[in-house]
Amino acid sequence: MKYVKFTPWVGKNYEQGFRGKKILILGDSHYCAKECSENGCCYPKCEFSPKCESAEEQNKKLSTCFSMTNDLILKEYIEYRLGNLPPYKDKEKKEKNNYNYLKTLLCFERNVCGHNTTKEDSLEFWNSVVFYNYKQHAQPSWNKTRETSPAEYGGYCIAFEEVLKKYDPNYIIVWGKNAFSDKNTVTEIEYADGYKAPIKEFTVSNETNTKRIQALIVEHPSGSNGKSRAKWHTILKAFLKLDD
């Protein structure tokens, strides 16, 4: 894929899908304050950073940076669920009792499944889906983001089209409402119990056919509004046509 920088996580059982459903989960952005970033913008700024002494060093750092999505799932979340991570330390090396950013993934999978998932459930779920972050520039931190230009949004759109064509999902679940610049193309749908959620439709074309894929936009599972399992499981179950 020419325009995709942050390689998506692709579960080893994705082609079989989660309960037979090929699901693409769309996050918003990465956060990075590593040595080779400028203002948290890993790409394209660091390609020209004076800190990169050689092309070899530059490519090595970019490769590490662009594996962030895979590393989040494989090296962090799955290890977290297996109980293999050490006590969390922040930048000041102060002990913390939890990995709150990983609990976002746990919250979401439980919203889909509708129950407190076991570690085996977690492995099954994440090994059955694709996870991709829409923005191809990292942000400095969760509460300090950089402004995205219209040209950058255009590049993100092209990159996402590449992802859709390659992985051919049947369902897309979008975390939060900030990923897309064209928010006027969203339609609100009412589900059971009066719950409502917006839907956006994507059209993917290749040489032989055209496919329309619906994307359900949920409240980001890191926020308080995204943590209501009763609401979001009801909506996700209906959208994905799941049986409990």
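Up top is the structure.
What you are looking at is a predicted structure, and each value in this text was computed from that prediction instead of being measured. (Residues numbered from 1 in each chain as written. Predicted model: local features only at pLDDT ≥ 70, side-chain atom pairs only at ≥ 80, totals over all residues. Heavy atoms only, no water.)

## Structural notes on the nonpolar core
- Ile25, Trp126 and Leu216 are the most contacted members of the largest nonpolar core, which has 33 residues in total.
- At six residues, helix α3 (residues 100-113) tops the list of elements feeding residues into this core.
- Setting aside its immediate chain neighbours within four residues, Leu216 contacts Ile172, Ile173, Val174, Tyr191, Ala197, Pro198, Ile199, Ile235, Leu236 and Phe239.
- By size, the runner-up hydrophobic cluster in this structure holds 21 residues, among which are Tyr134, Tyr153, Val174 and Phe202. (Core = buried A, V, L, I, M, F, W, Y, C linked by side-chain atoms within 4.5 Å. Buried < 20%, exposed > 50% of the residue type's maximum accessible area, 1.4 Å probe, protein only. Helix = DSSP H or I, 4+ residues; strand = E, 2+ residues; numbered from the N terminus. Contact = heavy atoms within 4.5 Å.)

## Quick notes on the packing of helix α2 (residues 68-81) against α3
- Contact geometry of α2 with α3 gives a least axis separation of 10 Å together with a crossing angle of 75°. By the angle class used here, α2 and α3 are roughly perpendicular. Each of Leu72, Ile73, Glu76, Tyr77, Tyr80 and Arg81 in α2 lies in contact with α3, whose residues at this interface are Tyr101, Leu102, Lys103, Leu105, Leu106, Glu109 and Arg110.
- Within the contact of α2 with α3, the residues separate by chemical class into eight nonpolar, no polar and five charged. (Axes fitted to C-alpha atoms, helices over the stretch in contact; angles between N-to-C directions. Parallel < 35°, antiparallel > 145°, perpendicular 65-115°, else oblique. Nonpolar A, V, L, I, M, F, W, Y, C, P; charged D, E, K, R; others polar.)

## Details of helix α6 (residues 229-240)
- Along its 12 residues, α6 runs 15 Å from first to last C-alpha, staying within 8% of the 16 Å computed at 1.5 Å per residue.
- Tucked into the core, α6 has its buried residues touching β2 (23-27), α3, β6 (171-175), β8 (196-205) and β9 (210-218).
- Once α6 ends, the next one or two residues include Lys241, with phi positive near 55°. (Expected span 1.5 Å × (residues − 1).)

## Description of the pairing of β2
- With five of five residues buried, β2 lies mostly within the body of the structure.
- Going residue by residue along β2, you find Ile23, Ile25 and Gly27 tucked away on one face and Leu24 and Leu26 tucked away on the opposite face as well.
- Pairing of β2 with strand β5 (residues 129-133), which is carried by five bridges, proceeds in the parallel orientation. Among the inter-strand pairings, Ile23 is bridged to a residue of β5, identified as Val129.
- Of the strand pairs in this sheet, β2 and β6 are connected by four bridges, and their pairing is parallel. (Pairing = 2+ DSSP bridges.)

## Topic: the packing of α2 against helix α4 (residues 119-126)
- For the pair α2 and α4, interaxial distance at closest approach is 9 Å and the crossing angle is 155°. As the angle between them shows, α2 and α4 are arranged roughly antiparallel. Taking contact as the criterion, the partners of Ile73, Tyr77, Ile78 and Arg81 in α2 are, on α4, Lys119, Ser122, Leu123 and Trp126.
- A class-by-class count of the residues in the contact of α2 with α4 yields five nonpolar, one polar and two charged.

## Comments concerning the side chain of Glu162
- Within the secondary structure, Glu162 sits in helix α5 (residues 150-167).
- Among buried Asp, Glu, Lys and Arg side chains, Glu162 stands out as unpaired, with Lys2 the closest opposite charge at 7.4 Å.
- For Glu162, the side chain forms a polar contact with the main-chain nitrogen of Tyr3, separated by 2.9 Å.
- For Glu162, the contacting residues outside a window of four places in its chain are Met1, Lys2, Tyr3 and Val4. (Lys, Arg positive; Asp, Glu negative; His and termini not counted. Salt bridge = Lys/Arg side-chain N within 4 Å of Asp/Glu carboxyl O. Polar contact = N/O pair within 3.5 Å; in protein donor to acceptor, adjacent residues only side chain to side chain.)

## A closer look at unusual backbone geometry
- Of note, the phi angle at Arg19 is positive, near 50°, even though the residue is not glycine.
- Relative to the helices and strands, Arg19 resides in the loop between β1 (9-10) and β2.
- A positive phi angle is found at Lys241, which is not glycine, with a value near 55°.
- Relative to the helices and strands, Lys241 is located in the segment after α6.

## Quick notes on the pairing of β9
- By the bridge criterion, four bridges tie β6 to β9 in an arrangement that is parallel. Among the inter-strand pairings, Val174 is bridged to a residue of β9, identified as Ile217.
- Of the strand pairs in this sheet, β8 and β9 are connected by seven bridges, and their pairing is antiparallel. Along β9, the bridge assignment pairs Thr203 with Arg212.
- The loop that links β8 with its antiparallel partner β9 comprises four residues.

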